[in-house]
Structure formats: structure tokens, C-alpha cells
Amino acid sequence: MAASPELRVIHTVCSHDCPDSCAVLVTVNEEGRAVKVEGDPGQPVTRGFLCGKVAKYLDRVYAPDRVLYPMRRKPGVAKAPLQRGREHEAFGRVSWDEALDAIAARLQETSDRYGPESILPYSYAGTIGVLGFGSMDRRFFHRLGGSQLDRTICSEAGGQAWNLVYGRKFGTPTEDFRLAKLILAWGANIHGNNIHLWPFVEEARRNGARLIVIDPYRTRTAAVADWHIAIRPGTDGSLALGLMHVILNEGLEDRAYIAEMTHGFEALAERAREYTPERVAAWTGMTPGEIEQLAREYATTRPAALRLNYGVQRAENGGAAVRAIAMLPALTGAWKTRGGGGQLSTSGAFAWDKKALEQPDLALASPLGRLARVVNMSELGRALTELGQGREQGSDAGGPAVHALFVYNSNPGAVAPNHNAVRRGLERTDLFTVVHEQFFTDTTDYADFVLPATTFLEHTDVQGAYGHYFVQLSQQAIEPRGEARSNVWLFGKLAQRMGFTEACFRDTPEEMIRQALAIGADGHSANAGMEHITMEELEREGHVPLAFHRAPEARPFLPYTSGPVPTPSGKIEFFSETLAAAGRDPLPGFVPPVESRWSEGAKKFPLELLARKNDNYMNSTFANLPGHRKMEARTNQRLEMHPADAKGRGVGEGDQVRVFNDRGAIELTAMLNAHLPAGVVAARLDWAKLHPDGANVNALTSERLTDIGGGATFYSTLVQVAKNRV
Ligand code: SF4
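Description of the structure in this document. Keep in mind it's a predicted model, so treat the numbers as computed, not measured.

## Focus: the nonpolar core
Link 1 in the chain: In terms of nonpolar packing, the biggest core is built from 223 residues, with Phe140, Trp186 and Phe406 touching the most fellow members.
Link 2 in the chain: It is helix H14 (residues 318-332) that contributes the most residues to this core, 9 residues altogether.
Link 3 in the chain: Beyond its immediate chain neighbours, meaning those up to four positions away, tryptophan 186 contacts Ile214, Asp236, Leu239, Ala240, Leu243, Leu306, Arg307, Leu308, Asn309, Val312, Ile325 and Leu328.

Right, dumping it as C-alpha cells:
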């Protein structure tokens, strides 16, 4: 794309972990410097604007404190939090050749001595580009025999729960929310972290739609809703069942749709009978009348669109809750009307050729000769401090201890639950840690090697989305700053240093994009739903809709309105055959979290903590940039408390308080917030090293896992709060 003789405009895609996957145009001057980033007005969902996080992206790309060269920890420097701004003093610059040789030698030595499973990759969605998220790295670790990582930390509980009901993650097209007459945002802060849905919500509201938000916290979205329902954390599942109870009691279900498309209705109806409005009111903090009103409004308004996001599933019972909520549009037949239905994620629509990208068969050539053990990333603290202890005592259970950790696309020193256990693990002097990063973070403080990583402006990738139905090409806009290198480059080179001779380790990003798309001899993709896509079209257009979404006005996409559904029964499953086969409750039910006001632990730690995400950071990404910190200043290092909870502890606005439980403690400044349910406190995730204690809210969260998917339970955390004595 040309702008003027001196300027070039390149089509890229924002690869941060966000449903929107914005099309981003980057203007590059004749010196090869990016001078402007802006949204691509031609992208039908993201429509030419960027969120506040990325609108200032050049501040990030050209930040003076970017990690630009490979660095090795200096001898004798302890693994511990390093002073902000002086981290580089702990490291010495080395060449890429030196770094790759030394890392390859250490990984080989570790593999020979302890077995390859003692090497643990740790990555998540620091980039959600298809290549950057998982491609050459997966090949590398399969061939090496390194432990496999179960990537559960963010969305697995909800994703698996949705799939138990519907088989695959499809949802109402984002553009169609404009047609809704009722939008139910459940655990979904649309305005904060799904901003490109918001104009469609506004359009719907201009046409008379109501916006109802269910969220224990008064988010930006909740603050402007027609009705904000602040239920207690972890009670979503009971509310969904209570809504079913009312819907069925009053005959508001869609019997024809249920008969044609669903499985297990009678059993679900029986279960829902138990969840009377009175019972559900006692759990959620709503009144029975409010539950009845919500059920009637949801079931009788057409079209009714549910935006369910990943907040709900971060409770211990989050899987069951998402299953129950996801069933609501199937009970009322909301899928049948354009603009109705629901969306958790659209990612199931992108059938990338993952086998070609990740090549799991390479594990057969590893020293193990098989796929390696799986380690759950939500239990990193345990993995680094407990895994393999039995082996030292003569038991092989669980395999070897972790002796090498390779971190990329993630900052576990900040984002992993049970921060103090993670930190104890990272401090181990016998643990060899490599971190591929753009900045010094809470994790690089413990690294033996820090390697410079590219931003999405500096490498090529292809991307789908979990909030729309477009395949997009992200072209490299500028040369990498310094010696920053992409994940594909890093793991390809490292594989060659390890002596892996397979040709796939020499694939270029362009070749791998073709592999992801399964481009055949006729130039077209062989992937389901992508058969019309060619590289030429992607290069020309930048974004191409999936097949079923090519003519939305003439042929609107109505998910789950014709069978078969990709579940074991071929129907939408109210009754899960998979859970039944595993000896688990096949129906949704409500069990309060182990850490909640109803549990034994509440006697000692009576407050439920919401360890919140930020509107203006992406988990821990962006937290180091002054402009972004300014946008989050209002709640910086604050503990939000209901006035009644504060009063009972003699705490006033602005007082210093200690928030603690058996896992850790953090000092924060009290901020009264009457919108929180009583008994609930809230604090934002931040970098630990930016706090005077060197801790963040994850000092309080646990490694207990969700009921489905083995996810992290950030929102099921009990704490106590005490005013600091001066
Ligand atoms: S973070 Fe999300 S909304 Fe912001 S530019 Fe990236 S994809 Fe778009």
C-alpha cells in the first residue's frame, strides 16, 4: 500500500491477547522508521480505530528501555527482584552466537543428566499471531523432548465448558450485535477489553436495546449499563440455573428448538427445579424478584445476545458456571434470530493446520521417543518447587524436577498465581532460566539469559481472532530494533544449534504461513472454511472473511441452528455424555468455591478478593509504560473495599492496609467503593517489582484449579484486611 513517495503504509495485525485482533496500518518513513499506527478503516469489525493501549504503540516499539541485545547474567548476581531501570547492570551483552551456543549446551547437558522432561517451556498469549503463539517453538520442544505445557491460565475452563455444550467455539458475529434488543454482558467488560464490540452495542441501544451487565465489579461497561447486577464472585452458575428455573416454570423455553437441536432437556429441567429464586438469591445477593425479572426479560426479548467473557471462568466452579450460562440461548432458542445467540469466542472457526505447524511427530525422534509429560502452567509454583521431589526419594511419580525453564510470550513472575511459590522456584540457583522478552520484567529478574523479542511491527505472521471471523495477514513493517528476533527465528536457530537436522527447522515465516493455511497446488487453502483464501488475496486485502461470513447480508451466519453439532450426541448437550463417561456430574450444578464466604476458610479470611485485570494493560503487558500507568492511576496500588467492610476494620479512605492470607501479603491503600458487594474487595494485577513490597495480588491467589479445564482460579481467593498501625 503506498501513501506518498517517502512513506509506505503496511498492513499489520495487533497480536496482543484481545478478542478484537485489530487491523493496524503502520506508516513507515524513508528511513524505515514507523511514524504512525492507526486502525484500518476497511476492516469491517475493527473499523479504523485502536484501543487506548495500542493507539500509542510507537511508545512501546521505540521505548528507550526495550531489550535490544542478548544478555547473560553476570556471575555472582543473585536471582532476586532487580531495581527498576537498572536491570541491565545485572547482565552483560553477548552476541546471538554466544547466547545460542551457551543455551544449546546447557539444554543438552540438562537433558543428558536429568532427562529432557526436566526442561519446561512456559508461554502463553503475549502474541496471538499463529506463528508467534505456537509453531517453531512447539517443533523445537517436541524434538527436544521437553515437557509439554498445558496452556490453561486464561481461557481453558471456559473454552472447554463451551465445547462440552456446543462442540466448537462459534458465536454470534460481532457485527450482528447491532441488531439485538437485549445485550447481556456476563463477566464481560466490553468497554474495557473488547472495545470494537462497543460501537455495535451502542448502535443496538440507539435502536432501543437494553444492556444488562452481570459482574461483581462495576467496570466501565457496568457503569453505563441500563442494569448492573453485582452478584457475589463465583455465584454465576447458581444464577444461570435460577434463570432456567424461572424460564421453565413460566413456559418461556423454545420447545421446537429444544426438540430439534438439543440433548438432555428433561434431565436439565429436573436439575433446574432445585434452583428456586429464593435459593439463588441467598447465594448471589440478588432478590428473588430481580432473578425473575432478569429471566423474563432475557427469555421474552428477541433478539437477545449474550456476551459471555472469560471473567466468569476464573472462579473455582467457573467451568460449571460457563456451561450453565452457555445453555441459556439454547433453552430460549435465541440462536434462531439474527442478532441473538451468544459469543464466548469465535476461535473455533479457524481451522489452522496445527499439525503441520507444530509437528508433534518430532517427539518420536526425541530421546524419549514419545510425547513428553504435561505440566499445567497454572501450577508453575508447584512445578518449580515440588515436582520431581518424589524422584529424589526413589519414586518416579510425575517425572523429573524442572531444571531448565524457557519463558517466551509470558511474564509468569507477575501473572502466575501463588506468586511467592513461583518466586521461590525462580530463585533456585540450580534452575537455568531463559527469557525471550521485549522489556525487563518481573521474570527477567531471575533469568540466566535475556533474549530480545520483536513486536508485531517487526515480524510477519497470520492471525485469526476470538472476537470476529476474519483471517488477517500481518506484514513486517519495520526492521527489528537492535538485535530483536521473532519466536520463529529463535527456535529455528536454536534447533540447528542443538544439531536437529530436520528440514522443518529451516522453514521461513512465509513458508509457515502457507503451512498454517494449508495452501495447496491450486494456490487455495485446504482448511475448512478457508478454501477460498489465497496468499495473493491476503497480501492484497490484508483481511479476508471465513467462507460462511462472506456475504453476511445475503446469508447471515446463525450458529447452531442446523445439525449436526460437533458433540458426541450430535446435538447441543444439556446433558454431557463426555462428563458422564468420566464419572462426573453430566448436568450443570452449583457448588460454592472452596475459597468463598460459605467455606470453612472464611472464618479466618472472610473477604473475597477480586484480583482484577486492567482496562489499559493487557494482563501485565504495558504496565511498564508511563502513559499506560497514568491511565490506570486511579486504582494504582489500591484496595477497593465496601464501606461496611472498611468501617468494621476501622479503615478509612486512604488508609494503608495489609491484605493477607496463608499464602502471602501485600500492602495497599484503601479506597472505598460502595458499588462492590459487601464482603468483596478488589485490587488490580500489576508488576510485582513496581510495588514497594515486591509483590502483587498474585501473592494472595492460589494454585487451586478450576472444575473444568484445569484453569487458574484468580477470582476464588479469600483474604483478610487489617489497617496498618502508624
Ligand atoms: S489490544 Fe485489542 S483493541 Fe487494542 S489494538 Fe489490539 S486488538 Fe485492537
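## What about unusual backbone geometry?
Link 1 in the chain: Note that the residue after arginine 302, namely proline 303, is joined by a cis bond; omega there is -10 degrees.
Link 2 in the chain: If you trace the backbone, proline 303 turns up in the loop between helix H13 (288-300) and strand S13 (304-308).
Link 3 in the chain: For the bond running from glycine 563 to proline 564, omega is -10 degrees, close enough to zero to count as cis.
Link 4 in the chain: Here proline 564 lies in the loop between strand S21 (543-545) and strand S22 (572-573).
Link 5 in the chain: Phi at arginine 47 takes a positive value of approximately 45 degrees, unusual for a residue other than glycine.
Link 6 in the chain: Assignment of secondary structure puts arginine 47 in the loop between strand S4 (34-39) and helix H1 (57-61).
Link 7 in the chain: Here the phi dihedral of asparagine 409 falls at roughly 55 degrees; this positive angle occurs in a residue that is not glycine.

## Points about the sheet that holds S21
Link 1 in the chain: Spatial ordering of the open sheet is given by S19-S20-S21, a layout of 3 strands whose pairing is antiparallel. Two strands lie at the open edges of the sheet, namely strand S19 (461-463) and S21, each paired on one side alone. Looking at each pair of strands side by side, their axes are set apart by 15 degrees on average, direction ignored.
Link 2 in the chain: Relative to S21, strand S20 (residues 470-474) is paired through 3 bridges, and the arrangement is antiparallel. From the neighbouring strand, phenylalanine 470 faces S21, where its bridge partner is proline 545.

## Focus on the pattern of salt bridges
Link 1 in the chain: Counted according to the given criterion, the structure contains 42 salt bridges.
Link 2 in the chain: In this structure, the salt-bridge partner of glutamate 541 is arginine 540, at a minimum N-O distance of 3.3 Å.
Link 3 in the chain: You can call arginine 540 exposed: its relative accessible area is 58%.
Link 4 in the chain: In this structure, arginine 597 engages glutamate 608 in a salt bridge whose closest nitrogen and oxygen atoms are separated by 2.9 Å.

## Focus: the site of the ligand
Link 1 in the chain: Looking at the ligand, the residues that line it are Cys14, Cys18, Asp20, Ser21, Cys22, Cys51, Val54, Ile195, His196 and Met618.
Link 2 in the chain: The pocket occupied by the ligand, as judged from atoms lying within 2 Å of grid points, is the second largest cavity.
Link 3 in the chain: Its residues assigned to classes, the shell around the ligand comprises 7 nonpolar, 2 polar and 1 charged.

## With respect to the environment of proline 592
Link 1 in the chain: Of note, proline 592 is situated in the loop between helix H23 (577-581) and strand S23 (607-612).
Link 2 in the chain: Linking proline 592 and proline 233, residues 359 residues apart in sequence, is a C-alpha distance of 9.7 Å.
Link 3 in the chain: When sequence neighbours within four positions are dropped, the list of residues in contact with proline 592 reads Trp283, Asn317 and Trp598.

## Some thoughts on the sheet that holds strand S25 (residues 656-660)
Strands pair in a sheet through their backbones, by hydrogen bonds, and they do so in one of two ways: parallel or antiparallel.
Link 1 in the chain: In space, the 6 strands of this closed barrel follow the order S23-S27-S24-S26-S25-S28, with mixed pairing throughout. With direction set aside, neighbouring strand axes in the sheet form an average angle of 45 degrees.
Link 2 in the chain: Pairing between S25 and strand S28 (residues 717-723): 4 bridges, direction antiparallel. Residue pairing for S28: valine 659 is matched across the bridge by valine 721.

## Some words on empty space enclosed by the protein
Link 1 in the chain: Applying the stated criterion to the full structure yields 4 cavities of 30 Å³ or more.
Link 2 in the chain: In this model, the largest cavity occupies a volume close to 110 Å³.
Link 3 in the chain: Around the largest cavity, the lining is made up of 14 residues, and of these Gln637, Leu668, Arg684, Asp686 and His691 lie nearest the centre.
Link 4 in the chain: Breaking the lining of the largest cavity down by element, the ones donating at least two residues are strand S26 (665-672) and strand S27 (680-684).
Link 5 in the chain: Estimates place the volume of the second largest cavity at around 80 Å³.
Link 6 in the chain: As for the second largest cavity, its lining consists of Cys14, His16, Cys18, Asp20, Ser21, Cys22, Leu50, Cys51, Val54, Ile195, His196 and Met618.
Link 7 in the chain: Among the residues making up the lining of the second largest cavity, the classes are represented as 8 nonpolar, 3 polar and 1 charged.

## Topic: the side chain of threonine 284
Link 1 in the chain: With respect to the helices and strands, threonine 284 occurs in helix H12 (residues 277-284).
Link 2 in the chain: The exposure class assigned to threonine 284 is buried, which follows from its relative accessible area of 1%.
Link 3 in the chain: From its side chain, threonine 284 meets the backbone nitrogen of methionine 286 in a polar contact 3.1 Å long.
Link 4 in the chain: Filtering out sequence-adjacent residues up to four positions away, threonine 284 remains in contact with Ala230, Ile231, Arg232, Thr235, Ser238, Leu239 and Ile291.

Each value, and the rule that gives it
Residues numbered from 1 in each chain as written. Predicted model: local features only at pLDDT ≥ 70, side-chain atom pairs only at ≥ 80, totals over all residues. Heavy atoms only, no water. Core = buried A, V, L, I, M, F, W, Y, C linked by side-chain atoms within 4.5 Å. Buried < 20%, exposed > 50% of the residue type's maximum accessible area, 1.4 Å probe, protein only. Helix = DSSP H or I, 4+ residues; strand = E, 2+ residues; numbered from the N terminus. Contact = heavy atoms within 4.5 Å. Pairing = 2+ DSSP bridges. Axes fitted to C-alpha atoms, helices over the stretch in contact; angles between N-to-C directions. Salt bridge = Lys/Arg side-chain N within 4 Å of Asp/Glu carboxyl O. Near = heavy atom within 4 Å. 1 Å grid on protein atoms, 1.4 Å probe; cavity = no way out; pocket = protein on both sides within 12 Å on 5 of 7 lines; lining within 4 Å. Sits in = over half its atoms within 2 Å of the grid points. Nonpolar A, V, L, I, M, F, W, Y, C, P; charged D, E, K, R; others polar. Points joined across faces, edges and corners; volume = space filled by probe spheres on them. Polar contact = N/O pair within 3.5 Å; in protein donor to acceptor, adjacent residues only side chain to side chain.

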